Amino acid sequence: MASRLVMRFDVITIFPGLIHGYLQEGIVGRALTRGLIEVQTWNPRDFSDSTYRRVDDRPFGGGPGMLMMAPPLLAAIAAARQANPGVPVIYLSPQGRRLQQQAVQDFAVLPGLILLAGRYEGVDERVLAAVDAEWSIGDYVLAGGELPALVLMEAVARQLPGLLGHADSAAEDSFAASGLLDCPHYTRPEVVAGASVPEVLLSGDHGRIRRWRLQQSLGRTAERRPDLLEQRGLQAGEKELLEEYRRQDGE
Ligand SMILES: COc1ccccc1CNc1ccc(C(N)=O)cn1
């Protein structure tokens, strides 16, 4: 396998500790120690020309809260672009495009990303002129863009070859591989509070197991996310699997 270059993440944030703190543990921490990714943070306070390293101010036209001022952010973005040239600058905000697994896979082939994590009520609109794309991790509002930046970094890092233990487990991700919700999973002990494991999983019949898992994924997706099933459509034989699932469910 071609050894891929290191993927570099530059995060612009007034709370660098939130980013570095998360990177001490877990899969992104491991990607760091194994040199699969690099992470650099840029603090807009270091680019503020005001005496108190000011980075926020009151909104013109009034309104609640504070906004992040443009000059320190634009300077931080320029510094990050210089250190990580040719990679997109992404602003994490509730006004952005919804992040889905396909976009994560598209990001994972890039040499890096520059992530702008906003705070307060957001940023001065003139900052957007220096941003390549605006993305949202979901329709809810957080106090800052640091968690969304970490969510994006972890989702992308999982896609990097050589990171996950089982080589193709990222490729087998339910969304990536089948566009369906994942099937139920079981491990030891075999009986938990009187509940046992579906016997098919103990049968050793791998064809039957694969069929059962697909059927469960289809059934769950039909029940919980009909929108996903609508979007994906049914492939040969899946309609029958789903009908059998519904008959069993009806029992
Ligand atoms: C009021 O907060 C803001 C307002 C505007 C921009 C950024 C922020 C920072 N907060 C964020 C950031 C991202 C997401 C998301 N859904 O991706 C949720 N919240």
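Throughout, residues of each chain are indexed from 1 in the direction in which the sequence is written. At least 70 in pLDDT is required for a residue's local features to be given in this predicted model, at least 80 for side-chain atom pairs to be given and counted, and no such filter applies to totals for whole chains, interfaces and linings, which use all residues. Excluding hydrogens and water, the side-chain values take into account all heavy atoms of the structure.

Colleague: Please set out the packing of helix α4 (residues 101–108) against helix α5 (residues 146–157) residue by residue, giving values where relevant.
Modeller: Lines fitted to C-alpha atoms define the axes here, with helix axes fitted over just the stretch in contact, and angles between the N-to-C directions of these axes take values from 0 to 180 degrees. What counts as a helix is a DSSP run of H or I of at least four residues, what counts as a strand is a run of E of at least two, and both are numbered from the N terminus. The geometry of α4 relative to α5 is characterised by a closest axis approach of 9 Å and an angle of 70° between their N-to-C directions. Here α4 is positioned roughly perpendicular relative to α5, judged by the angle of their axes. Two secondary-structure elements touch here, α4 through V104, F107 and A108 and α5 through L152, A155 and V156. Class assignment for the residues of the contact of α4 with α5 results in six nonpolar, no polar and no charged. Angle categories are assigned with fixed cut-offs, so that under 35 degrees is roughly parallel, over 145 is roughly antiparallel, 65 to 115 is roughly perpendicular, and the rest are oblique. Residue contacts are defined here by distance: any two heavy atoms, one from each residue, within 4.5 Å place the two residues in contact. Amino acids outside the nonpolar list (Ala, Val, Leu, Ile, Met, Phe, Trp, Tyr, Cys, Pro) and the charged list (Asp, Glu, Lys, Arg) are all regarded as polar, and Gly is one of them.

Colleague: Please set out unusual backbone geometry residue by residue, giving values where relevant.
Modeller: Between R188 and the following residue, P189, the backbone shows a cis peptide bond with an omega angle of 0°. The backbone of Y120 sits at a positive phi, close to 60°, despite the residue not being glycine. Position of Y120 relative to the elements: it lies in the loop between β6 (112–117) and β7 (133–136). Given a relative accessible area of 31%, Y120 falls into the partly exposed group. Phi at A193 is positive, roughly 50°, even though this residue is not glycine. Here A193 is to be found in the loop between α6 (174–177) and α7 (206–224). Exposed residues in this analysis have more than 50% of their type's maximum accessible area, buried residues have under 20%, and partly exposed residues fall in between, with area computed by a 1.4 Å probe over protein chains only. Assessed through its relative accessible area of 85%, A193 is described here as exposed.

Colleague: Can you tell me about the pairing of strand β5 (residues 89–98), naming the residues and giving the values?
Modeller: Here, strands pair whenever DSSP counts at least two bridges between them. Taken together, the four bridges between β5 and β6 define a ladder with parallel strand orientation. Each residue of the ladder has a partner; that of I90, found in β6, is L115. Here β5 pairs with β7 via five bridges, running parallel. Bridge assignment links R98 to a residue of β7, and that residue is S136.

Colleague: For the site of the ligand, give the residues involved together with the corresponding values.
Modeller: Of all residues adjacent to the ligand, which total 17 residues, the nearest are Y91, I137, G138, Y140 and L142. Here an oxygen atom of the ligand and a backbone polar atom of I137 are 2.9 Å apart. Between a nitrogen atom of the ligand and a main-chain N or O atom of L142, the distance comes to 2.9 Å. The leading source of residues in the shell around the ligand is β5, at four residues. A breakdown of the residues in the shell around the ligand according to their chemical character gives nine nonpolar, seven polar and one charged. The criterion for a residue being near a molecule or strand is simple. One of its heavy atoms has to lie within 4 Å of it. Distance and chemistry together define a polar contact, namely a pair of N or O atoms within 3.5 Å, with one atom able to donate a hydrogen and the other to accept it when in protein, and with adjacent residues in sequence counting only for side-chain atoms on both sides.

Colleague: Residue-level account of the packing of aromatic side chains, with values.
Modeller: Classification of ring pairs uses Phe, Tyr and Trp, with its six-membered ring standing for Trp, and accepts pairs whose centres are within 6.5 Å; under 30 degrees between planes counts as stacked, over 60 as edge-to-face, and the remaining range as tilted. Taken as a whole, this structure holds two aromatic pairs when the rule is applied. An angle of 80° between the planes, with centres 5.5 Å apart, marks the rings of F107 and W135 as edge-to-face. Pair noted here: F107 is in helix α4 and W135 is in strand β7, with a separation of 28 residues, a long-range link. Exposure class is identical for F107 and W135. Each is buried.

Colleague: Can you lay out α5 for me, pointing to particular residues and giving the numbers?
Modeller: To estimate the expected span of a helix, subtract one from its residue number and multiply by 1.5 Å. Taking 1.5 Å of rise per residue, twelve residues should cover 16 Å, and α5 covers 16 Å from first to last C-alpha, within 8% of that figure. By the criterion of burial, α5 is predominantly enclosed, with nine of the twelve residues buried. Buried within α5 are the following residues: E146, P148, A149, L150, L152, M153, A155, V156 and A157. Taken together, the buried residues of α5 touch β1 (7–12), α1 (16–22), β2 (37–42), β5, α4 and β6.

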